[in-house]
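Each chain is listed here by its residues.
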Amino acid sequence: MPQLSLSQVVAVDFGTARTGYAYQYKKGNTPEIFVSEGLGGTIAGHKTPTEVLLSEQGDFRAFGDDARTAYYNAPDQAELFFTNLKMELYGREDGHVPMARAHNGTELPLMKVVTAILGHVREHALEAINKSRVGESVRSTPARDAPALASCALTPCPPSQTSPLVPPCAPTVCPPPSAPPTHTHTHTLTHPHTRRRSSSRACSGC
Amino acid sequence: MQWVLTVPAIWDSYGKHFMRTAAHKAQLVPHHDSSRLLLALEPECAAIECYETLKSAHNITPQDGTMCMILDCGGGTVDIATHVLSSSGVYKEAFPVNGGPWGSTYVDAAFEELIRAMMEEGEYSAYAGSSEKVQMKLTWERIKCAFHAATTVTLDVSPLLAHTETVSTAAELLPRVHALAGRFEGAEQTSVKGKYQLLLPPQLLVGCFARVIPQITAHVVRLLTQEELEPVKYVFLVGGFGESAFLHEALKAVVPQERAQIIRPARPGIAIVRGACRFGVNPMVIASRRVLKTYGVSCKLEFLAGAHREDKKEVKGSEHFVTDLFDPWVRQGQQVGADQVLCKYYLPTHASQESAIIQIYATSNRTAADPGYHVDPTLTSCPAVYVSDPGFSLVCELDIFLGSTASAVADRAVEVRMAFGFTEFVVEATCSRTGSKRKVTCNYVL
């Protein structure tokens, strides 16, 4: 079971049409949720249109209604204004780099654009938390990983009763961690090592 | 800091992996697979918030087994999820997520068409790229949310008038609107208020909603007549379009109060992000999930003529193996506990084998999902299934070092453990002899 010992949670809803965030303090038994205000010129407490303006070099300029206004107020529309980003992520497959197309036709990797948005949300959230917590400092750099969320760290599980020469035992529900597995063996066969060694998804050494 | 990012329930692994990478690049978390980032499924976040709404705003503690249906009404789609509630606030998903392309952008597009029809081609293109359009968009958002079937809407048309050449007041614009009768129902009943405002009759606005409201109400009614969904007592409207009073009214009109209560939380637009926050505090609040696909491992067995396909036979010296066999772990539709860990052991094929690759596959294959299907030919009531069959996709693979070949095959078992019940899927393989261990957080499965 995950044991979160963190004082703050920030949730980001990066939506197709609108984006917002909320944060919560876990102070004793009276948690309170605060919702993002003015992530980009929007009415407080509402989500902001998922629209972003980047400079020609791809640096963050503005978000939400601010981005739209800045883009249309500029004399030349040379900067990169993106809308409808999230639709690009439906039903895509590995093996190609998805691109985002700005209103002026320029294309940038979608990853760069989404990263810029999340970076903006992060800055905005940390600032809001700092403001609301006068006297307490909030680290603006990512915290180091603590060994939280044990659900992601699987705990040892004793094998179910197995009979020799019968291939894979039925999946068993793992009882809470107790004794390390005593070895009974199922005579199941894995792939011999004839395939390529590495996989982009397999992370080594964790 | 614990970060939570919401993702649509219907996203495949690609979108989830993408969001995790972006969050890492944006420095939310120190590394890609960090546990400081949780991906939360949007309908679940909505369910969490709805449970809290029931308790706090309506003073209702749901009875065990009561279901709530959540309509997440967004820009593009309406996504419908159903969760089982209990008095302790633990939920599980009860019915596959479904829905359709009935989002508010279709309503916006209909309104935009109306605006466009009031202007000349050249005027409209000047307006379309102006900050007046942003202003109009904000005005429209407010109108759209507040509108209900009997309201006459006051629309400030000065953003349009800034771009019309021959027309400078609402009164001068009115003949153009009246001329739209036939194309837009009720256009002829439009009148003028003050210098820059039009009074739009309700029918004209109802027309804008007509592309989506009937579809949504019909779908909800259809769902509520299903036997499986009999325990649904509450229908929640969330999402930006959930703010719409007209949508709320339309649903109340078709769903009798005694069948289910239609509830619109105080702030439908931010219900999901609030729920996501609660999820970040207690991720185990969703106690179990339904797997969307069948997952399993590719393995080999002794070849058995009749049970196995000849073309899958592999001869190594005197031994005959069948290769690419699919060993199912969880089956499509199965409920899996959020903290449930499944465990199996696999052995090397040969005494000379120094490492093994555990390959995990996902599929929607019917036979693979059949409870009667086993990889063991003596147990199965279905024909063998192979990962090379169409419709199987490799989710991830783990490479395990088995150690020196001096030790017996039986001593080099690999313990594979997987957790399918969380929002992301974790797999870990350990060779007991070498201690070689691989863990992968797969971006995603459910």
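In this text the structure is predicted, and so the values were computed from the model without any measurement.

Draft legend 1. Seen up close, the overall build of chain B. Counting its regular elements, chain B contains twelve helices and 21 strands. For 446 residues, the compact-globule estimate of 2.2 N^0.38 gives 22 Å, and chain B exceeds it by more than 25% at 29 Å. On the principal axes, the C-alpha backbone points of chain B span a range of 95 × 50 × 50 Å. Relative to its 446 residues, chain B shows a buried fraction of 51%. Put simply, of all contacts in chain B between residues at least 6 apart along the chain, 70% involve residues at least 24 apart.

Draft legend 2. Just the overall build of chain A, in detail. The helix and strand tally for chain A stands at two helices and ten strands. Sorting the 206 residues of chain A into buried and exposed places 39% on the buried side. Counting only contacts in chain A whose residues sit at least 6 apart along the sequence, the fraction spanning at least 24 positions is 45%.

Draft legend 3. How the structure looks around the sheet that holds strand E7 (residues 191-193) of chain B. Residue and element names in this part refer to chain B. The strand order across the open sheet built from three strands is E6-E8-E7, with neighbouring strands paired in antiparallel fashion. Across the chains shown, the open sheet's two edge strands, defined by having one partner strand only, are strand E6 (153-156) and E7. For this sheet, the mean angle separating the axes of adjacent strands, direction not counted, is 35 degrees. With four bridges connecting them, E6 and strand E8 (residues 197-200) associate as antiparallel partners. Its bridge partner being in E8, Leu155 is matched across the sheet by Leu198.

Draft legend 4. The arrangement of helix H1 (residues 13-25) of chain B in detail. Residue and element names in this part refer to chain B. Here H1 spans 18 Å end to end across 13 residues, near enough to the 18 Å set by a 1.5 Å rise per residue. Among all positions in H1, only Ser13, Gly15, Lys16, His17, Phe18, Met19, Arg20, Ala22 and Ala23 are buried. Backbone geometry just after H1 places Gln27 at a positive phi near 65 degrees.

Draft legend 5. How the structure looks around the confidence of the model for chain A. All names here are of chain A. For chain A, the mean per-residue pLDDT works out to 65, and 52% of the residues sit at or above 70. Element-level pLDDT for chain A is lowest in strand E10 (residues 172-173), with a mean of 38, against a maximum mean of 96 in strand E5 (residues 52-54). Confidence drops under pLDDT 50 across residues 1-5; counting only partners more than four residues distant or on other chains, this segment forms 17 contacts. Overall, residues 135-206 carries pLDDT values under 50, and its contacts beyond four positions in sequence, including any with other chains, amount to 146 contacts.

Draft legend 6. Molecular detail of the environment of Leu223(B). Residues and elements named next belong to chain B. Within the secondary structure layout, Leu223 lies in helix H9 (residues 213-224). On the neighbour-count criterion, Leu223 (18 C-beta atoms within 10 Å) is partly exposed. Considering only alpha carbons, one finds Leu223 and Ile80, 143 residues apart in sequence, at a separation of 9.7 Å.

Draft legend 7. Quick peek at the nonpolar core. Ranked by size, the top nonpolar core spans 173 residues in total, and within it Val4(B), Ile70(B), Val235(B) and Phe236(B) carry the most contacts. For this core, the leading source of residues is helix H2 (residues 110-132) of chain A, giving nine residues. Each residue touching Ile70(B), except ones within four places of it in the same chain, is listed here: Pro43(B), Ala46(B), Ala47(B), Cys50(B), Ile80(B), Ala81(B), Phe236(B) and Val238(B).

Draft legend 8. Spotlight on the sheet that holds strand E9 (residues 232-238) of chain B. All names here are of chain B. Strand order in the open sheet formed by seven strands is E10-E9-E3-E4-E5-E11-E15, and the pairing between neighbours is mixed. Looking at which strands have only one partner, the edges of the open sheet turn out to be strand E10 (261-263) and strand E15 (335-337). Averaged over all neighbouring strand pairs, the angle between strand axes comes to 25 degrees, with direction disregarded. Here six bridges tie strand E3 (residues 67-73) to E9, and the two strands are oriented parallel to one another. Of the residues in E9, the one forming a bridge with Asp72 is Val238. Most of the contacts of helix H2 (residues 42-56) go to E3, to which it runs at about 120 degrees, and overall it touches E3, strand E4 (78-84), strand E5 (91-100), E9, E10 and strand E11 (286-290).

Draft legend 9. Here's a closer look at the environment of Glu227(B). Mapped onto the fold, Glu227(B) is located in the loop between H9 and E9. With 90 residues separating them along the chain, Glu227(B) and Gly317(B) place their C-alpha atoms 58 Å apart.

Draft legend 10. Structural context of unusual backbone geometry. Residues and elements named next belong to chain A. Located in the positive-phi region is Gln77, a residue other than glycine, with phi close to 50 degrees. For Gln77, the position within the fold is in the loop between helix H1 (65-73) and strand E7 (80-82). On the neighbour-count criterion, Gln77 (14 C-beta atoms within 10 Å) is partly exposed.

Draft legend 11. Examining the domain arrangement of chain B more closely. The assigned domain composition of chain B is domain 1 (3-98 + 227-288), domain 2 (104-209) and domain 3 (294-442). Between the C-alpha centres of domain 2 of chain B and domain 3 of chain B there is a distance of 62 Å.

Draft legend 12. Seen up close, the pairing of strand E19 (residues 414-419) of chain B. Residues and elements named next belong to chain B. Most of E19 sits out of view: six of its six residues are buried. Along E19, one buried face is formed by Val414, Val416 and Met418 and the opposite face, lined by Glu415, Arg417 and Ala419, is buried too. Here five bridges tie strand E16 (residues 342-346) to E19, and the two strands are oriented antiparallel to one another. The residue of E19 that forms the bridge with Tyr345 is Glu415. Examined bridge by bridge, E19 and strand E20 (residues 425-431) share six bridges and lie antiparallel to one another. Bridge pairing links Glu415 to Thr430 in E20.

Draft legend 13. Up close: the environment of Gly333(B). Residues and elements named next belong to chain B. Among the structural elements, Gly333 can be located in the loop between strand E14 (319-330) and E15. With 149 residues separating them in the primary sequence, Gly333 and Phe184 have C-alpha atoms 46 Å apart. Not counting the four nearest positions on each side in its chain, Gly333 is found in contact with Arg290 and Val291.

Draft legend 14. Looking closely at the confidence of the model for chain B. Chain-level statistics for chain B give a pLDDT mean of 89 and a share of 98% at 70 or above. This complex was scored by the predictor with a pTM of 0.74 and an ipTM of 0.74.

Draft legend 15. Geometry of the pairing of strand E18 (residues 392-401) of chain B. Residue and element names in this part refer to chain B. Of all ten residues making up E18, seven are buried, and the element is well covered by its neighbours. Pairing analysis gives nine bridges linking strand E17 (residues 355-363) to E18, with the strands arranged antiparallel. Within E18, the residue paired with Ser355 across the bridge is Phe401.

Draft legend 16. A look at the packing of H9(B) against helix H10 (residues 245-254) of chain B. Residue and element names in this part refer to chain B. Closest axis-to-axis distance for the H9/H10 pair is 10 Å, and the angle between their directions is 40 degrees. It follows that H9 is oblique to H10 by the angle criterion. Like other packed secondary-structure pairs, H9 and H10 cross with a definite hand, here right-handed. Residues Ile213, Ile216, Thr217, Val220 and Val221 of H9 lie in contact with H10, whose contacting residues are Leu247, Ala250, Leu251 and Val254. Of the residues assigned to the contact of H9 with H10, the class counts are eight nonpolar, one polar and no charged.

Each value, and the rule that gives it
- Residues numbered from 1 in each chain as written.
- Chains lettered and ligands numbered in written order.
- Predicted model: local features only at pLDDT ≥ 70, side-chain atom pairs only at ≥ 80, totals over all residues.
- Helix = DSSP H or I, 4+ residues; strand = E, 2+ residues; numbered from the N terminus.
- Rg over C-alpha atoms; globule rule 2.2 N^0.38 Å.
- Buried ≥ 20, exposed ≤ 12 C-beta atoms within 10 Å, placed from the backbone.
- Contact = placed C-beta atoms within 7 Å.
- Pairing = 2+ DSSP bridges.
- Axes fitted to C-alpha atoms, helices over the stretch in contact; angles between N-to-C directions.
- Expected span 1.5 Å × (residues − 1).
- pLDDT = per-residue confidence, 0-100.
- Core = buried A, V, L, I, M, F, W, Y, C linked by C-beta atoms within 7 Å.
- Domains from an automatic or database assignment.
- Parallel < 35°, antiparallel > 145°, perpendicular 65-115°, else oblique.
- Left-handed = near helix turned anticlockwise from the far one by under 90°.
- Nonpolar A, V, L, I, M, F, W, Y, C, P; charged D, E, K, R; others polar.

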